[in-house]
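# Fold and geometry: a report
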Amino acid sequence: MTTDIETIKNIPDGKPVRIFLPLQGGPERYRTQCVFQKSDPPHFSLLFKPGVLPVEDIALGQQSIINIDMGGSTISLEAKTEEITNPQTLHMLIEKTITHEQMREFFRVDATTDIISKSFHTQLLGNKKEPWSMEGKTVDISGSGILAIFPEQSPADRQIRLLITLPSVEQETISVLAHQVRGQKLGDRLFEVAYHFDDISTEDRDKIIGCCLDIQRKLLRLQVQVRG
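Please read these numbers as outputs of a predicted model, since none were measured by experiment.

## Examining the nonpolar core
In terms of nonpolar packing, the biggest core is built from 23 residues, with Ile141, Ile146, Leu162, Ile164, Tyr195, Phe197 and Ile208 touching the most fellow members. Residue assignment for this core shows that the elements contributing at least two residues are β9 (133-141), β10 (145-150), β11 (160-165), β12 (173-186), β13 (190-199) and α3 (202-227). A total of four residues in this core trace back to one element, the largest contributor, which is α3. Every residue in contact with Tyr195, bar those within four places of it in the chain, is listed here: Ser117, Ser144, Gly145, Ile146, Phe150, Ser154, Ile160, Leu162, Ala178, His179, Gln180 and Val181. Core analysis: the second largest hydrophobic core is formed by 20 residues, Phe48, Ile66, Ala79 and Leu90 among them.

Written out as structure tokens, the structure is:
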């Protein structure tokens, strides 16, 4: 807890942050921006613009994930909503700081969804090879990359474009540039490939993280039901 208290002490008062807020009655998380306000550590507050905070739907006592850009590095906190004093303010209690390695594990979940791997050409590169496209399925997904299975082997030595259908209610498709980290043959006609994202917008990364959080909450609820 001492380290966590020091972490929030170092966050500037009035710092814009991004929050993934748990909602009642479902696994969905509400993603929005707010402002960090110092309080008595390990407590702090978050301030929202008028009309942004879904007060009636917030799941009190459950953990939120808060991302803070500290200028070159990102701090992530897991915190609990203790009190809502008005429609624009949440009073929070930090539970732990999430390290980079923990973030990678926390946001990586097993998820099967559609993915399309496509060739990526630019006029600058002057690549005259024929464009290609290949459909596959993801095995797991995170904010920094995916593991997927394809019916053919894709080029391992060049950057490609991935079209990923997010495993969410909206079934939204995002586009990222990626490169292959590793690949292996599975049987006669399947290839398992791990990709790392090279170029992805903050908005799209947030959408992936939100989906991963939703899936994790569903799995936790299933575990509780099975144990019960």
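## Points about helix α1 (residues 2-9)
It helps to recall that an α-helix has 3.6 residues per turn; residues three or four apart then point in one direction. Listed in full, the buried residues belonging to α1 are Asp4, Ile5, Thr7 and Ile8. Within α1, the buried residues cover an arc of 155° as seen down the axis, which keeps them to one side. Seen from the buried face of α1, the exposed residues on the opposite side, beyond 90 degrees, are Thr2 and Thr3. If you follow the buried residues of α1, they end up packed against β2 (29-38), β3 (43-47), β5 (74-86) and β6 (89-98).

## Some words on the pairing of strand β4 (residues 63-69)
Within β4, five of the seven residues are buried, which leaves it mostly tucked inside the rest of the structure. Judged from the three bridges that link them, strand β1 (residues 16-22) and β4 form a sheet pairing that is antiparallel. Bridging across to β4, Ile19 finds its partner in Ile66. Looking at chain direction, β4 and β5 are connected through seven bridges and run antiparallel. Its bridge partner being in β5, Asn67 is matched across the sheet by Ser76.

## A short note on the packing of aromatic side chains
The full count for this structure, using the stated rule, is two aromatic pairs. Relative to Phe44, the ring of Phe36 lies with its centre 5.2 Å away and its plane at 25°, an arrangement referred to as stacked. Of the two residues examined, Phe36 and Phe44, each falls in the buried class. With a centroid separation of 6.4 Å and 80° between ring planes, the pair formed by Phe150 and Tyr195 is classed as edge-to-face. Taken as a pair, Phe150 in strand β10 and Tyr195 in strand β13 lie far apart in primary sequence, 45 residues in all. Assessed through its relative accessible area of 3%, Tyr195 is described here as buried.

## Section: the confidence of the model for the protein chain
In this model, the protein chain carries a mean pLDDT of 83, and residues with pLDDT of at least 70 account for 85%. Within the model, the stretch residues 122-126 combines pLDDT values under 50 with one contact to residues more than four positions away or in other chains.

## Some remarks on the pattern of salt bridges
Scanning the model with the defined rule gives seven salt bridges in all. With a shortest N-O distance of 3.3 Å, Glu203 and Arg31 are connected by a salt bridge. Placement of the pair is Glu203 in helix α3 and Arg31 in strand β2, with a sequence separation of 172 residues. Here Glu203 falls in the partly exposed class, since its relative accessible area comes to 41%. Lys80 serves as the salt-bridge partner of Glu95, at 4.0 Å between the closest nitrogen and oxygen. Of the two residues, Glu95 is situated in strand β6 and Lys80 in strand β5; the sequence distance between them amounts to 15 residues. Note on Lys80: relative accessible area 24%, which makes it partly exposed. Through salt bridges with shared partners, a single ionic network connects Glu172, Asp204 and Lys207.

Rules behind the numbers
Numbering of residues starts from 1 in each chain and follows the order in which that chain's sequence is written. Selection of residues for local features in this predicted model requires a pLDDT of at least 70, selection of side-chain atom pairs for listing and counting requires 80 or more, and totals for whole chains, interfaces and linings are taken over all residues. Excluding hydrogens and water, the side-chain figures rest on all heavy atoms present in the structure. Side-chain atoms within 4.5 Å are what join buried Ala, Val, Leu, Ile, Met, Phe, Trp, Tyr and Cys residues into a set we call a nonpolar core. The classification of residues rests on relative accessible area computed with a 1.4 Å probe and restricted to protein chains. Under 20% of the type maximum is buried, over 50% is exposed, and intermediate values are partly exposed. Segments assigned H or I by DSSP are reported as helices when at least four residues long, segments assigned E as strands when at least two residues long, and all are numbered from the N terminus. Two residues qualify as a contact provided that any one of their heavy atoms is within 4.5 Å of a heavy atom in the partner residue. Taking the helix axis as origin, the arc is that swept by the directions to the C-beta atoms. Here the rule is simple: two strands pair whenever DSSP picks up at least two bridges between them. Aromatic pairs are defined between Phe, Tyr and Trp rings, using the six-membered ring for Trp, whenever the two ring centres lie within 6.5 Å; interplanar angles under 30 degrees are classed as stacked, those over 60 as edge-to-face, and all others as tilted. pLDDT expresses how confident the predictor is about each individual residue, on a scale running from 0 to 100. The rule for a salt bridge is simple: a side-chain nitrogen of Lys or Arg has to be within 4 Å of a carboxyl oxygen of Asp or Glu.

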